[in-house]
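# Fold and contact review
Chain by chain, the residues:
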Amino acid sequence: MNRTTLSLIAGATALAAVTGFAALSAPGTPGADTTAKAAAQLPVERTSLLCPAPSLSDIAETSYTSFTPVTKGTGSGGKAELQAAPQESKDGSNAGGDKGKKDDGKSGERKTEKPVLTPKEPGKPVTGDSSGAESPALVGTADGRFAPGWTVQETTEVAAGTGRGLQGVNCTAPDTSFWFPGVSTAADRTDYVHLTNPDDSAAVVDIELYGKDGALQSTVGEGITVQPHSSDPVLLSTLTDEQQSDLTVHVNVRSGRVGAAVQALDDKLGGDWLAASTDPSGSLVLPGIPKDVTSARLVVFTPGDADADLKVRLASPSGLITPAGHETMHVKGGMTTAVDLGDVTRGEAGSLVLTPTDQSVPVVAALRVVRGKGDKQETAFIPATRPVGTRATSADNSAKGSTLSLTAPDRAATVEVTASAGSEGGTPVSKTYTIKAGTTQDIQPPVPSGLKGTYALTVEPKSGGPVYGARTLSATEGGVPGFTVQTLPDDRGTVAVPEADEDLSVLQK
């Protein structure tokens, strides 16, 4: 082995640490070396996050909370910041193509926009805010000690009008494919898919719609160009003439990459953000259904040609139960299927667990949940999500109004929950919980000692089976039970990098 080969090995290892990706041979793969040492977990070195433009309402008030957990092995360097992304104009041209710059109105030159948020240190949240319909999408990067597990929460309060209530979304990493079951083009819904491009070159995106009878024909959603460092909200009702209450959107990126989220606004039931479902899988978990929901609507889609037959169960505080009248669900290939589950939790904490009745067929799924009655109802969405994994983080928590929901669908698990320091003061506090097999527990999370401002929660499984989680943030105003739910998938703050089987330094000759 020569120096060139060694350099390639070092380069591949460094790339894995930066991107959060490493390729390993699966156990049992023909020709794989089964004696290889276990992979080491190293912190990622760079992270990107994209926050959609928060609201079209002039009376909207939006807060941003940024938090990076303290991660071992990161060193002392690095930084993180969030900057405004110019929004696409109606004719599709970029309203400001240079990252973080704007016209000063005098010389035609562009000047640097100040970051909306600049975190000072891991372990302590930092907050910012904006108001009105002019609030832009944000593009953020973090490196060094700020990168592993970086989380940004966008929370918006809208006092009146379409979509009124509390809307929340975790800013997401850019990707090339997103599934959104649960969108609508019905007359009482106004749904936008927000596309944000963090890169120096344009991204080309297809937006595909699937209804109860299969794909909806639309050429308008093909080949949408999102200019560099800009954001484009696309009104879904402009992509098709069909009005359907239950649709699945697939955002497929032909070139480049984007961040994507759906803002679903209802004339009477408030509104919220719908985050992407986890990748298509034969079994799914939708955690954190509020115990006082008055209705829950499950929307499922299978991307392939094969039909899916699913067993529907609710992980309650006492164990797995089958909702009466909804024991199974049949989903035709390439078609969106929806079912009303009513007040499925019956006043107790709950999470939905979907598993195949026979042959496993990959599906995506989301829940629309409603709280309140009459003209004082509010909506939120819960997509199927990945397990907590090594660690997950929830930002923007207050002493009151936050509920942490944890479920262990297969085996019992022990979980450590840490409340960070407050954004304006306070001392971190940790507490350990045991989640019984097949159950969901709603937890009033620990609060930092001497809390001032907002704080973050980190969830770290310590033993047992996989854990799924969600955080509900509530803020009742004017009698309307405003709430928003964010799932807690693994923050991908570390990446597995295989260790060498031998000391290669002796070969560098």
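Residues numbered from 1 in each chain as written. Predicted model: local features only at pLDDT ≥ 70, side-chain atom pairs only at ≥ 80, totals over all residues. Heavy atoms only, no water.

## Re the overall build of the protein
Counting its regular elements, the protein contains one helix and 39 strands. By the burial criterion, 50% of the 509 residues in the protein qualify as buried. Taking the intrachain contacts of the protein between residues at least 6 apart in sequence as the baseline, contacts between residues at least 24 apart amount to 81%. Carbon and sulfur atoms form 48% of the exposed surface of the protein, whose accessible area is close to 22,300 Å². (Helix = DSSP H or I, 4+ residues; strand = E, 2+ residues; numbered from the N terminus. Buried < 20%, exposed > 50% of the residue type's maximum accessible area, 1.4 Å probe, protein only. Contact = heavy atoms within 4.5 Å. Areas by Shrake-Rupley, 256 points an atom, 1.4 Å probe, with all protein chains shown as cover.)

## Re the pairing of strand S4 (residues 80-85)
Counting buried residues in S4 gives five out of six residues, a clear majority hidden from the surface. When S4 meets strand S8 (residues 137-143), the two strands line up antiparallel, connected through six bridges. In the strand pairing of S8, Glu81 is matched with Thr141. (Pairing = 2+ DSSP bridges.)

## Quick notes on the pattern of salt bridges
Summed over all chains, the structure comprises 11 salt bridges. With a closest N to O distance of 2.7 Å, Arg391 and Asp491 form a salt bridge. One end of the pair, Arg391, is in the loop between strand S28 (376-383) and strand S29 (392-397); the other, Asp491, is in the loop between strand S38 (483-487) and strand S39 (494-497), with 100 residues separating them in the sequence. When sorted by exposure, Arg391 lands in the same class as Asp491, which is buried. Here Lys462 makes a salt bridge to Glu416, at a shortest N to O gap of 3.9 Å. Of this pair, Lys462 sits in strand S36 (residues 455-464) while Glu416 sits in strand S31 (residues 413-419), placing them 46 residues apart in sequence. The exposure class assigned to Lys462 is exposed, which follows from its relative accessible area of 51%. Residue classification places Glu416 among the partly exposed residues on the basis of a relative accessible area of 23%. Where salt bridges share partners, they join Asp246, Arg297 and Asp340 into one cluster. (Salt bridge = Lys/Arg side-chain N within 4 Å of Asp/Glu carboxyl O.)

## Digging into the sheet that holds strand S19 (residues 270-274)
Read from one edge of the open sheet, four strands run S16-S12-S18-S19, paired in antiparallel fashion. What marks the edges here is a single partner per strand, and that holds for strand S16 (230-235) and S19. Averaged over neighbouring strand pairs, the angle between their axes works out to 20 degrees when direction is ignored. (Axes fitted to C-alpha atoms, helices over the stretch in contact; angles between N-to-C directions.)

## Notes on the environment of Val353
Along the chain, Val353 falls in strand S26 (residues 350-356). We classify Val353 as buried; its relative accessible area is 5%.

## Some points on the confidence of the model for the protein
Here the protein averages 86 in pLDDT, while 85% of its residues score no lower than 70. Confidence over residues 1-36 falls short of pLDDT 50; this stretch has 32 contacts with residues more than four positions distant or in other chains. Note on residues 89-112: pLDDT under 50 across the span, and 39 contacts to partners over four residues away in sequence or across chains. (pLDDT = per-residue confidence, 0-100.)

## Section: a negative patch on the surface
Taken together, the side chains of Glu61, Asp129, Glu157 and Glu477 define an acidic patch exposed on the protein surface. For Glu61, the location among the structural elements is in strand S3 (residues 61-67). (Patch = residues over 30% accessible without salt bridge, like charges linked within 9 Å, V, L, I, M, F, W, Y side chains within 5 Å. Lys, Arg positive; Asp, Glu negative; His and termini not counted. Charge placed at Lys NZ, Arg CZ, Asp CG, Glu CD.)

## Digging into the pairing of strand S22 (residues 308-316)
Strand direction decides the pairing type here: S22 and strand S24 (residues 328-331), joined by four bridges, are antiparallel. Paired with Ala308 across the two strands is Val331, which belongs to S24. Where S22 and S26 come together, six bridges link them in antiparallel fashion. Considered in S26, the bridge of Arg313 is made with Val353. Across three bridges, S22 lies against strand S23 (residues 319-321) in antiparallel orientation.

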